[in-house]
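Residue-level structure breakdown
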Amino acid sequence: MKKINQLILKSYLGPFIMTFAVVMFILLMQFVWKYIDDFVGKGLEWNLILELMFYVAVTLVPMALPLAILLASIMTFGNLAESYELTALKSAGMSLQKVMKPLTITTIMMAIAAFLFANYVLPVANLKMGTLLYDITHQKPSLDIKEGVFYSGIQDITIKVTKKDAKKNILYNILIYDHTQRQGNNKVVMAREGVMKMSADENFLLITLKNGHSYEEVVSQNNKGFKPLTRTSFREETIVMDMRDFKMIRTDESLFKDNYQMLNITQLSDEIDSLKTEGKERAISIITQVNKNFNLFSDSMMHPVPEPDSLTKAMLAQKNWIDVYTSEEKKRIFENALNLARTNQSYMNVNSMTSKNLVETVSKYKIEWHKKFTLSFACIVLFFIGAPLGAIIRKGGIGMPAVVSVCFFLIFHVLSITGEKSAKEGVWEAWQGAWLATVVLLPVGIFLTYKATKDSSLFDFDAYSMFIKKIFNRKNEGTSTLQ
């Protein structure tokens, strides 16, 4: 490898790694703030949180990678142009395309790796992240009994303590409402103090109460109009509370594996074919069912009419076919027709919603199939926007390149979301929605590469001001000539 290629690669890899790490950190913090309410107060272990963050980071790569490539390419060629290294390379006979060649090869290799990542790694990460996030968000908050506040996190138990010694797990002035019998507040337990500890298997909470009283209303069918109250005093009594609902239960991943985000290209293709077959079978079933409920009239409604003579035929020719029947038969025919029409209408309304949901589901699977490829092409297109753009604006560092790259990435992201939403709603085809952002930005990349090759002063405001001054000078010269 030539030294100049090594220099360009080193200049590119540093900003790429830095921007990729920064973007990943920002996206991770956005995820944490989104789900912070579901994490707080549940006593999650650090290894569980780190596992979730790892899977989330993997799922965020498709968003972070194109932005990192765009920003790094702008910074690299901006630095080369600002320090006049790019000018020196061009004066030595190297064109812009030749300077971009090592990074172009690197970007193509990244695009291939991005395709393999999106097809084989991302579905597994989505499955594990989705399952773990579901388990965490549905887990109950950890046991946290506060002083002077009623705590009802334990099923069928409400407890209040006046004072708590967290180090020794001793509770003072305890008040417990026992609702295990599901008959209201018919049992109340009061104690001066108690010791709280977990069982050996950590499935039960044991509270040993000391010097207290128990009040309970005796509910019986024999008691009419009054409920006896029993009062029991004790020196020591142990209450067992079930804590198994507070433990983290991992859901079987197979329950989520059929989601479109959890499948690779082969699985998506098979699922799309299955859904299309299901749609065809449903359409045939709808037509068959409607045909069963649709007829002009049944044999029981027909009026037995003898073979008419020529005069009767002439008279019938002037009348509607329904006039052959009596008024009672007409009424019965109309009522049956209305009932059949209402039945078919209800049947079609239900099946139209089902068919619409099936079409939306097929669109989601198709969009996900195309997204396996759009990530790779997005990396290439954004590189061919960033590299010539950096050579044109001639600004290195993190300031101007960051602003420009964020603007282009926002355009790319908004177009992607708009296309996917339009495809899911059936406005566009799935391939049109999935490839919208890439198709729109591809001409921009070609245009910028052409301008950078021609050393165009596309963002040189001095050139625009000079052009405007020339126009005004020509106008002034023309005016003075006329005078």
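Residues numbered from 1 in each chain as written. Predicted model: local features only at pLDDT ≥ 70, side-chain atom pairs only at ≥ 80, totals over all residues. Heavy atoms only, no water.

Points about the overall build of the chain
- Along the chain, the regular secondary structure elements total 12 helices and 5 strands.
- Within the chain, the proportion of its 483 residues that are buried is 36%.
- Taking contacts inside the chain between residues at least 6 apart in sequence as the whole, the part at least 24 apart equals 69%. (Helix = DSSP H or I, 4+ residues; strand = E, 2+ residues; numbered from the N terminus. Buried < 20%, exposed > 50% of the residue type's maximum accessible area, 1.4 Å probe, protein only. Contact = heavy atoms within 4.5 Å.)

Describing the packing of aromatic side chains
- A full pass over the atoms with the stated rule returns 11 aromatic pairs.
- Within the aromatic cluster, the residues linked to one another by ring pairs are Tyr12, Phe16 and Phe20. (Phe/Tyr/Trp six-rings, centres within 6.5 Å; stacked < 30°, edge-to-face > 60°.)

Topic: the confidence of the model for the chain
- The predicted model of the chain has a mean per-residue pLDDT of 78, with 78% of residues at 70 or higher.
- Long-range and interchain partners of residues 297-306, a stretch whose pLDDT sits below 50, account for 14 contacts in this model, where long-range means more than four residues apart. (pLDDT = per-residue confidence, 0-100.)

Remarks on the layout of surface pockets
- Here the largest pocket is characterised by a volume of approximately 1300 Å³.
- Along the wall of the largest pocket there are 39 residues; nearest its centre are Thr59, Pro62, Met63, Gln261 and Lys371.
- When contributions to the lining of the largest pocket are tallied by element, the ones reaching two or more residues are α1 (3-34), α3 (46-59), α4 (61-82), α6 (96-137), α9 (327-393), α10 (399-424) and α11 (430-453).
- In terms of residue count, α9 provides more of the lining of the largest pocket than any other element does, 8 residues in total.
- Of the residues in the lining of the largest pocket, the class split is 22 nonpolar, 10 polar and 7 charged. (1 Å grid on protein atoms, 1.4 Å probe; cavity = no way out; pocket = protein on both sides within 12 Å on 5 of 7 lines; lining within 4 Å. Points joined across faces, edges and corners; volume = space filled by probe spheres on them. Nonpolar A, V, L, I, M, F, W, Y, C, P; charged D, E, K, R; others polar.)

Comments concerning the packing of α9 against α11
- At a minimum axis distance of 8 Å, the contact between α9 and α11 shows a crossing angle of 15 degrees. Between α9 and α11, the crossing angle belongs to the class labelled roughly parallel. Between α9 and α11 the crossing geometry is left-handed.
- The class makeup of the residues in the contact of α9 with α11 is 20 nonpolar, 6 polar and 2 charged. (Axes fitted to C-alpha atoms, helices over the stretch in contact; angles between N-to-C directions. Parallel < 35°, antiparallel > 145°, perpendicular 65-115°, else oblique. Left-handed = near helix turned anticlockwise from the far one by under 90°.)

Regarding the environment of Phe383
- Looking at the element boundaries, Phe383 is found in helix α9.
- A relative accessible area of 0% places Phe383 in the buried class.
- Residues Phe383 and Leu103, 280 residues apart in the sequence, show an inter-C-alpha distance of 8.8 Å.
- Other than its neighbours up to four places away in sequence, Phe383 contacts Ile69, Ser73, Met100, Leu103, Thr104, Thr107 and Pro388.

Observations regarding unusual backbone geometry
- Backbone geometry at Asn173 places phi at a positive 50 degrees, although glycine is not the residue there.
- For Asn173, a relative accessible area of 44% corresponds to the partly exposed category.
- With a phi close to 55 degrees, Asn211 is a non-glycine residue in the positive phi region.
- Position of Asn211 relative to the elements: it lies in strand β4 (residues 204-217).
- A relative accessible area of 42% means that Asn211 is categorised as partly exposed.

A short note on α3
- Taking 1.5 Å of rise per residue, the 14 residues of α3 would be expected to cover 20 Å, and the 20 Å separating its terminal C-alpha atoms lies within 8% of that figure.
- Along α3, the residues classified as buried are Leu48, Leu52, Met53, Tyr55, Val56, Ala57, Val58 and Thr59.
- Structurally, α3 contributes buried residues whose contacts are with α1, α2 (36-39), α4 and α6. (Expected span 1.5 Å × (residues − 1).)

Examining the nonpolar core
- Within the largest apolar cluster, 72 residues are counted, with the highest numbers of intra-cluster contacts made by Phe16, Phe31, Phe39, Leu52, Ile69, Phe77 and Ile385.
- The contacts of Phe77, once residues within four sequence positions are left out, are Leu96, Val99, Met100, Leu103, Ala387, Gly390 and Ala391.
- In this structure, Ile154, Ile176, Val189 and Met241 belong to the second largest nonpolar core, which totals 18 residues. (Core = buried A, V, L, I, M, F, W, Y, C linked by side-chain atoms within 4.5 Å.)

Examining the packing of α1 against α4
- For the pair α1 and α4, interaxial distance at closest approach is 8 Å and the crossing angle is 140 degrees. The angle between α1 and α4 falls in the class oblique. Like other packed secondary-structure pairs, α1 and α4 cross with a definite hand, here right-handed. Within the contact between the two elements, α1 uses Ile8, Ser11, Tyr12, Pro15, Phe16, Met18, Thr19, Phe20, Val23, Met24 and Leu27 and α4 uses Val61, Met63, Ala64, Leu65, Leu67, Ala68, Ile69, Leu71, Ala72, Ser73, Met75 and Thr76.
- Partitioned by chemical class, the residues of the contact of α1 with α4 number 19 nonpolar, 4 polar and no charged.

Regarding the pairing of strand β2 (residues 170-178)
- The sheet contact formed by strand β1 (residues 157-165) and β2 spans 8 bridges and is antiparallel. When the sheet's bridge partners are listed, Ile157 is paired in β2 with Asp178.
- Linking β1 to β2, which pair antiparallel, is a turn of 4 residues; within it Asn169 sits at a positive phi near 55 degrees. (Pairing = 2+ DSSP bridges.)

Overview of the side chain of Asn126
- On the secondary structure map, Asn126 appears in helix α6.
- Within the structure, Asn126 has its side chain in polar contact with the backbone oxygen of Gln261 (distance 3.1 Å).
- Beyond its immediate sequence surroundings of up to four residues, Asn126 is in contact with Thr59, Gln261 and Met262. (Polar contact = N/O pair within 3.5 Å; in protein donor to acceptor, adjacent residues only side chain to side chain.)

Some points on the pattern of salt bridges
- Per the counting criterion, the structure on display carries 3 salt bridges.
- With its nearest N and O atoms 3.6 Å apart, the salt bridge here joins Glu278 to Arg282. You can see Glu278 and its partner Arg282 sitting in helix α7 (residues 265-292), 4 residues apart, about one turn around the helix.
- Looking at Arg282, the relative accessible area reads 25%, which means it is partly exposed.
- We note a salt bridge from Lys371 to Glu420, for which the minimum N-O separation is 3.7 Å. Highlighted residues: Lys371 in helix α9 and Glu420 in helix α10, separated in sequence by 49 residues. (Salt bridge = Lys/Arg side-chain N within 4 Å of Asp/Glu carboxyl O.)

Points about the side chain of Ser376
- By secondary structure assignment, the location of Ser376 is in helix α9.
- Beyond its immediate stretch of four places on either side in the chain, Ser376 contacts Ala111, Ala114 and Phe115.

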